[in-house]
Amino acid sequence: NELNGEKVDIVTWSDDIATLAVGALKPVEAMKVLVDEVDRSLDVVVPDDQLSIAIGRRGQNVRLASQLIGWHINVLTETQEAERRQKEILELTGLFKDSLDVDDVIAHLLVTEGFTSLEDLSLVPLEDIAAIEGFDMDVATEIQNRAKTFIQAKNDAALTELKAFKMEKALLQFEGLNPEMLLVLAQANVLTLEDFADLA
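I will try to describe carefully the structure that is included in this document. Within each chain, residue numbers correspond to sequence positions counted from 1 in written order. With pLDDT at 70 or above as the cut-off, local features in this predicted model cover only qualifying residues; side-chain atom pairs require 80 or more to be listed or tallied, and sums for whole chains, interfaces and linings still use all residues. The basis for every side-chain value is the complete set of non-hydrogen atoms in the structure, without hydrogens or water.

This next bit is on the sheet that holds strand 2 (residues 41-46). Taken in spatial order, the three strands line up as 1-2-3 in an open sheet, and their pairing is mixed. The open sheet terminates on both sides in strands that have one partner only, identified here as strand 1 (32-36) and strand 3 (72-77). Neighbour-to-neighbour, the strand axes of the sheet open up by a mean angle of 20 degrees, direction not taken into account. The criterion for strand pairing is that DSSP finds at least two bridges linking the strands in question. What counts as a helix is a DSSP run of H or I of at least four residues, what counts as a strand is a run of E of at least two, and both are numbered from the N terminus. Pairing of strand 2 with strand 3, which is carried by six bridges, proceeds in the parallel orientation. Comment: axis = line fitted to C-alpha atoms, over the contacting stretch for helices; angle = value between 0 and 180 degrees taken between N-to-C directions.

Residues Leu3, Val8 and Ile10 make up a contiguous nonpolar surface patch of roughly 360 Å² in combined accessible area. Secondary-structure assignment places Ile10 in the segment before helix 1 (17-24). Note on exposure labels: buried denotes an accessible area under 20% of the residue type's maximum, exposed denotes more than 50%, and partly exposed covers the range between, all computed with a 1.4 Å probe on protein chains only. Exposure remark for Ile10: the relative accessible area of 81% places this residue in the exposed category. In this scheme, patches are assembled from residues that exceed 30% relative accessible area and form no salt bridge. Like charges are connected within 9 Å, while nonpolar side chains (Val, Leu, Ile, Met, Phe, Trp, Tyr) are connected within 5 Å. Per-residue accessibility takes into account occlusion by the displayed protein chains alone, with areas from the Shrake-Rupley method and a 1.4 Å probe. Salt bridges are defined as contacts in which a side-chain nitrogen from Lys or Arg sits within 4 Å of a carboxyl oxygen from Asp or Glu.

Glancing now at the pairing of strand 1. The pairing of strand 1 with strand 2 spans five bridges and is antiparallel. Looking at strand 2, one finds that Lys32 is bridged to Val45. What sits between strand 1 and strand 2 in their antiparallel hairpin is a turn of four residues, with Arg40 showing a positive phi close to 50 degrees.

Time to look at the pattern of salt bridges. Summed over the entire model, instances satisfying the criterion amount to six salt bridges. Note that Lys32 is salt-bridged to Glu81, the shortest N-O span being 3.3 Å. With a gap of 49 residues between them, Lys32 in strand 1 and Glu81 in helix 4 (residues 78-100) connect regions that are remote in the sequence. Judged by relative accessible area, which is 37%, Lys32 ranks as partly exposed. Linking Glu142 and Arg146 is a salt bridge whose minimum nitrogen-to-oxygen distance equals 2.8 Å.

Read these as spatial facts, not as claims about activity.
Okay, structure coming up:
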């Protein structure tokens, strides 16, 4: 009455951002929520027939929900999410097949077991790879060695290219930046620690 008949949505607060987002999008039933803490964004998967309700007229529902929680919300249908997942699986399978010189079956097994990068394979305990059905310690050791060899070759190539740039030693030795990252920075004319600190 105080708001002259304006409709008000009451959303139960939660410290869990996914739960809060689902509450903000009600009455839509979210099937899955994927959280990207780095970009402060959420992919919310909804049934195909509820997409228009989740988005709202001219995107009003999802925009208001995003403003409410302070994170960007992407709404996907189950079909869209399945297609995206299938594309990711094919890309990762191709990456493992080419980089590790293995066949489709082994590459696909690695993806379905949750490995998403060569770095994953090079750093996990061998037992995690050997635990895959049909694998053993010998296979796991060979796969991990191939991953490490490929990563080392990429790093060596990046370091070779880096020599053409006059990058400050302090930035070259900065913890957490691998040679590939450093090369991208150098190509963007970020050559000192001060340049790096100035980046948004």
